Amino acid sequence: MKLSSQYIRYLFFPILLIIGIWAVVFYFNMLNEIKESIDEGLEHYKRQLIYKAQADTSLLRQHDFDEGFFAVRPLDREQAILARDRYIDTMLYLQDADDDTLEAEPVRMLTTVFENKDRYYELSVFNSMAEEGDLVTELFWEAVALYIVLVAAIILISNIVLRRLWKPFYDFLIQLKDYRLGHTARLPAVVTDTREFRDLQDAVNFLLQHSIRTYEQQKQFVGNASHELQTPLAIATGKLELLLEKEDMNIVHAEEVADVLNIVERMIRLNRSLLLLTRIESGQFPGGQDMDITEVAGQSIRDLAAMADFKNVRVSLTVVAALHVHMDSALAHIIISNLLRNAIFHNIKNGRVSVTITEDSCVISNTGAGGPLEAEKIFHRFYKSAGDAGTGLGLAIVKAICDLYGFTAAYRFDDNLHTFTITFR
Amino acid sequence: MKILLVEDEQELQEAIVTSLEKEQFIIETPVDFYAAAEKIGIYNYDCIILDIMLPGGTGLELLEQLKSEGRQGSVIIISAKDALDDKLKGLELGADDYLTKPFHIAELNARIRAVLRRHKAEGKSTVAMGNVVMDINERLLSVNGTPVALNRKEFDILNYFLFNQNRLVTRTALAEHVWGDNIDQADNFDFIYYQIKNLRKKLQAAAATVEITAVYGVGYKLIEI
């Protein structure tokens, strides 16, 4: 869940609750205020009527509410003394100007008692609550509207503010995601005054710098170690080869020496492959040129033709479309010849190798003994299938070249064919 | 033939000297950069074998000195640095060849023979052993004056052997020289055996007085019979 969604979720419910409670309280307060103001009006009206009644006694004869908003009823003295002012909410059947028939309407009614010329009367005055009811309804909806607007505003503002505040963080995150150890030259940088983000940048970059140092050292170590081994290996082969030229060598000893020479030669191959890997990975093949992959494949097939003949393997080349790739010439030859060599060597008697070039890929598939290889592992360094006498670096070199140029190398086994696909785009 | 070997690694220097003496070359081995610079300044050599990393300077500096003084002689750089830059720079400065350590003794021999041949004023392009004569430029082989047809690879193999007469040529050295980097797996040995067998047959059929013999399961040697 995104940070902003979470933030809004956390914010939404408290706000919903607070504003809900506030709306209820506000509603009842308003209702109270309205009643109080109506009551005041009734009180005022009452006084006016009582005052008017002293001059105009006809008012005292209005016994029901037909004529106006009041009714008067004579009362005994005893009853009058006991009576108090009473406010009640009730319903009255009234006919408004816009109504055809009587309608029950909510009213607020004040019942009071007054004395006029030593006689006692009970006066009831009322005020329609219909309009006030409308007012309350309106208030209620306004509260709801306010609530919605408020929540929407909060979400909107939060989103904008969050986005603006966290923008440096997301920028930083994108840089981090794109960061590739040994490939990305610049450390991820955050542009902000926010201290937390600056701290984060410092912490991340500290870790990255440490990783870069370790990576560089490791890379250099492999490179240096392989490099430093070259001279001793040169001495060893030289001496062993000269030793084997000695005429007076005992044949048993000579064969032992020959074995050692073979082992030294294996070390040389391993070392050379490691050096090549290091050079590829440390970007010592800058630039490149336009390479016609069909031509490269053709060249590799010609180079290995004698070998394929010897192994009775038929190699075919199918060109579906021309494929030109911008890359180092030596690496282009290595990538194709490594795959082709594997396809010829790990084949069966009277087997087949087919090379297919399409507009974006080179597919090399071959017949072979045994089932599928472990697709995830074959491109790892020193991976060897049973009986493989190679260095175990051939495919790792292919992978390294692919990584260097952003190609993909994939293996699959179907139809009893081992198939390697290099996708160049 | 006078050869100057500039290599500071004592053991490797000794091995190369032993090998080159077998080829009847006269070899001088200056101890350091300055001694080498002095020798280059005074004497002429047919071939100079230069290591790049030297105490006191680099082989490339010696190469520059050599060329600026207009000295004759071909130059082969031997270096543990496989970096393309060095290689290009060396060749640009006028080196004739570049060999990366570790190398086979037979390979160094072949390279020296090749550059010497290229530099020879008379333009003699044949190499002979017994009744076998190979014209390298024309890519022709004749035994006892009769032309013998060889395919491209067979020619390269025999050429390599003729540059290494009576010397051990390991299968790996042969494979690398003739088939390049394309062969580095164990079952190439059968393949090379098969190629050698074909070549032997052709030589025998032509009644050549040379023979390719196996050496302790590690390589072959071209000898005169």
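The text that follows walks through the structure, step by step, so that each part is easy to find. In this text, all values refer to a predicted model and were calculated from it rather than measured experimentally.

About the cut-offs
- Residues numbered from 1 in each chain as written.
- Chains lettered and ligands numbered in written order.
- Predicted model: local features only at pLDDT ≥ 70, side-chain atom pairs only at ≥ 80, totals over all residues.
- Heavy atoms only, no water.
- Salt bridge = Lys/Arg side-chain N within 4 Å of Asp/Glu carboxyl O.
- Helix = DSSP H or I, 4+ residues; strand = E, 2+ residues; numbered from the N terminus.
- Buried < 20%, exposed > 50% of the residue type's maximum accessible area, 1.4 Å probe, protein only.
- Axes fitted to C-alpha atoms, helices over the stretch in contact; angles between N-to-C directions.
- Parallel < 35°, antiparallel > 145°, perpendicular 65-115°, else oblique.
- Contact = heavy atoms within 4.5 Å.
- Nonpolar A, V, L, I, M, F, W, Y, C, P; charged D, E, K, R; others polar.
- 1 Å grid on protein atoms, 1.4 Å probe; cavity = no way out; pocket = protein on both sides within 12 Å on 5 of 7 lines; lining within 4 Å.
- Points joined across faces, edges and corners; volume = space filled by probe spheres on them.
- Left-handed = near helix turned anticlockwise from the far one by under 90°.

Topic: the pattern of salt bridges
Residue and element names in this part refer to chain A.
Here is step 1: According to the stated counting rule, one finds 27 salt bridges over all chains in the structure shown.
Here is step 2: When the shortest N-O distance is used, the salt bridge between Arg73 and Glu122 registers 2.8 Å. With Arg73 in strand β1 (residues 70-75) and Glu122 in strand β4 (residues 119-128), the pair connects residues that are 49 residues apart, well separated along the chain.
Here is step 3: Where Asp89 meets Arg108, a salt bridge forms, and the shortest distance between an N and an O atom there is 3.0 Å. Here Asp89 is found in strand β2 (residues 86-94), whereas its partner Arg108 is found in strand β3 (residues 103-116), with 19 residues between them in sequence.
Here is step 4: Looking at Asp89, the relative accessible area reads 44%, which means it is partly exposed.
Here is step 5: Given the relative accessible area of 10%, Arg108 is considered buried.

Overview of the packing of helix α7 (residues 171-179) of chain B against helix α8 (residues 188-205) of chain B
Residue and element names in this part refer to chain B.
Here is step 1: For the pair α7 and α8, the least separation of the axes is 11 Å and the interaxial angle reads 75°. As the angle between them shows, α7 and α8 are arranged roughly perpendicular. Residues Arg171, Leu174, Ala175 and Trp179 of α7 pack against Phe189, Phe191, Ile192, Gln195 and Ile196 of α8.
Here is step 2: Here the contact of α7 with α8 is composed, by residue class, of 7 nonpolar, 1 polar and 1 charged.

Notes on empty space enclosed by the protein
Here is step 1: Per the counting criterion, the structure on display carries 4 cavities of 30 Å³ or more.
Here is step 2: The space that makes up the largest cavity amounts to roughly 50 Å³.
Here is step 3: Looking at the lining of the largest cavity, the elements with two or more residues in it are α5 (251-281) of chain A together with α7 of chain B.
Here is step 4: If you tally residues by element for the lining of the largest cavity, the top one is α5(A), at 4 residues.

As for the packing of helix α3 (residues 130-178) of chain A against helix α4 (residues 195-244) of chain A
All names here are of chain A.
Here is step 1: It is at 11 Å that the axes of α3 and α4 come closest, and there the two elements cross at 10°. Relative to α4, α3 is oriented roughly parallel. The hand of the α3/α4 crossing is right-handed. From α3, Leu165, Trp166, Pro168, Phe169, Phe172 and Leu176 reach across to α4, where they touch Phe197, Leu200, Gln201, Val204 and Leu208.
Here is step 2: Looking at the contact of α3 with α4 residue by residue, the class counts come to 10 nonpolar, 1 polar and no charged.

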